[in-house]
Amino acid sequence: MRTGDETSLWPAAREAAAMVESGMVVGLGTGRAAAQFVKALSRRMEEGLEIMGVPTSKQTAKLAEELSIPLATFDEIDGIDIDVDGADEVDPGLDLIKGHGGALLRERVVASVSKRFVVLVGEEKLVPRLGSRVSVPVEVVPFAAPVVRRSLEKLGCEVHLRTNGDGGEPFVSDNGNHILDARFDGIARPGDLQRQIDSLPGVADTGLFIGMAHLVLVQAKEGFRRLERG
Ligand code: A5P
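Notes on the structure follow. (Residues numbered from 1 in each chain as written. Predicted model: local features only at pLDDT ≥ 70, side-chain atom pairs only at ≥ 80, totals over all residues. Heavy atoms only, no water.)

Looking now at the overall build of the protein. For the protein, the helix and strand inventory stands at six helices and 13 strands. For 230 residues, the compact-globule formula gives about 17 Å, and the C-alpha radius of gyration of the protein, at 17 Å, lands near that figure. Taking the principal axes of its C-alpha atoms as reference, the protein extends roughly 55 × 35 × 35 Å. Split into buried and exposed, the 230 residues of the protein put 52% on the buried side. Of the contacts made within the protein by residues no fewer than 6 positions apart, 75% connect residues no fewer than 24 positions apart. Summed over its atoms, the accessible surface of the protein is roughly 10800 Å², and 50% of this surface lies on carbon and sulfur atoms. If you average the places of the 27 positive and of the 35 negative side-chain charges in the protein, the two averages end up 4 Å apart. (Helix = DSSP H or I, 4+ residues; strand = E, 2+ residues; numbered from the N terminus. Rg over C-alpha atoms; globule rule 2.2 N^0.38 Å. Buried < 20%, exposed > 50% of the residue type's maximum accessible area, 1.4 Å probe, protein only. Contact = heavy atoms within 4.5 Å. Areas by Shrake-Rupley, 256 points an atom, 1.4 Å probe, with all protein chains shown as cover. Lys, Arg positive; Asp, Glu negative; His and termini not counted. Charge placed at Lys NZ, Arg CZ, Asp CG, Glu CD.)

Following this line, the structure appears as C-alpha cells:
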C-alpha cells in the first residue's frame, strides 16, 4: 500500500525515519505520532530501505502489515536498534507519561531493549512537571483492580477505571489487562512514584517512563526541534 503524499507527514516523523539504516531492527510505537513514523518509514522502504519492525501493539502490527513492513518477534531477534514512539507528556528532563493509547506495557518492553529510544510529540505535550496535564495509566491484572485502586487512592490521586467510551465495558489491553488512570495534580518525584506503584501486587506496568528517552523530536506548526538527553 502506498503511504500517500509524503508532504502530509510530520517533518519530525520524516526526521526519525531518516535515522533508520538498512539492516536495523526498529521498534514501532503506538498512537498518532507513532503512526506518522511508521508511514514515513514505509515511504523509505519503498525507496529501498530494508528493516524488520517490532510493533508495540496489535493496532501498530495491523498498520505495519498494511504497509508491507516485515515484523519480528522477540523469539527471532536479540535487541532493537531504534524505537520510535509517541508520548502523552514530556518534562524538561525528558521523562515521560505514556499509555493513553493503552499500549504502555509493550511500549516499555520494546523501549527497554532499544539502543536508541526516540520520542515524537507535538508541542502541546511539553509540560513543566509530569502529571500537569494527564493522568498516569496503570495497567493491572483485572482480578487485582479494586485492590490496586484503593492503594493508588491512598497515594493521593483520583482514580478512574478506563472504559470503552463513557460508562462502557472496561478497556482491555493487548495483554488482557485493565487500566486505572490515576490523576495526580503534578508529580514531585516521578521516579519514586513509579517505584511505589510498581511494587503494588497486581500492577503490570505504569505509564511513567523515567530516564528512558534519548531524544525527543517536537513537531511545531512549522518544522520541529530536537531535545536531547544531557
Ligand atoms: C500509547 O499507549 C501511548 O503511549 C502513545 O504513544 C501516547 O498516548 C501518544 O499517543 P498520540 O501520539 O496518539 O498522542
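Okay, the packing of aromatic side chains next. Scanning the entire structure with this criterion turns up zero aromatic pairs. Stacked on the ring of F209, the Lys or Arg K98 has its end atom at 5.8 Å from the ring centre. Against the face of F209 rests R108, its NZ or CZ located 4.3 Å from the ring centre. (Phe/Tyr/Trp six-rings, centres within 6.5 Å; stacked < 30°, edge-to-face > 60°. Lys NZ or Arg CZ within 6 Å of the ring centre and 35° of its normal.)

The next thing to look at is the site of the ligand. Of all residues adjacent to the ligand, which total 17 residues, the nearest are R32, D88, G99, E107 and K125. Interatomic distance of 3.3 Å between a backbone N/O atom of G101 and an oxygen atom of the ligand. At a separation of 2.9 Å, an oxygen atom of the ligand approaches a polar backbone atom of A103. In isolation the ligand has 380 Å² of accessible area, and contact with the protein removes 94% of it. (Near = heavy atom within 4 Å. Polar contact = N/O pair within 3.5 Å; in protein donor to acceptor, adjacent residues only side chain to side chain.)

Considered for burial, the residues of helix α3 (residues 58-66) that qualify are T60, A61, L63 and A64. For α3, the arc enclosing every buried residue in end-on projection is 165°, short of the 170-degree limit, so these residues lie on one face. Those residues of α3 that are exposed and aimed more than 90 degrees away from the buried face are K58, Q59, K62 and E65. Packed against the buried residues of α3 are β1 (25-28), α2 (32-46) and β2 (52-55). S68 occupies a position one or two residues after α3 and carries a positive phi of about 60°. (Arc of directions from axis to C-beta.)

The strand order β2-β1-β3-β6-β12-β13 describes an open sheet built from six strands, whose pairing is mixed. Every interior strand has two partners, whereas the edge strands, β2 and β13 (224-228), have only one. Each neighbouring strand pair of the sheet contributes to a mean axis angle of 20°, computed without reference to strand direction. Where strand β3 (residues 80-85) and strand β6 (residues 114-122) come together, five bridges link them in parallel fashion. Bridge pairing in β6 places D83 opposite F117. Here α2 sits on the sheet and contacts β1, β3 and β6; the angle it forms with β1, its principal contact strand, is near 145°. Against the sheet, helix α4 (residues 104-112) makes contact with β1, β2, β3 and β6, and its axis sits at roughly 140° relative to β3, the strand it touches most. (Pairing = 2+ DSSP bridges. Axes fitted to C-alpha atoms, helices over the stretch in contact; angles between N-to-C directions.)

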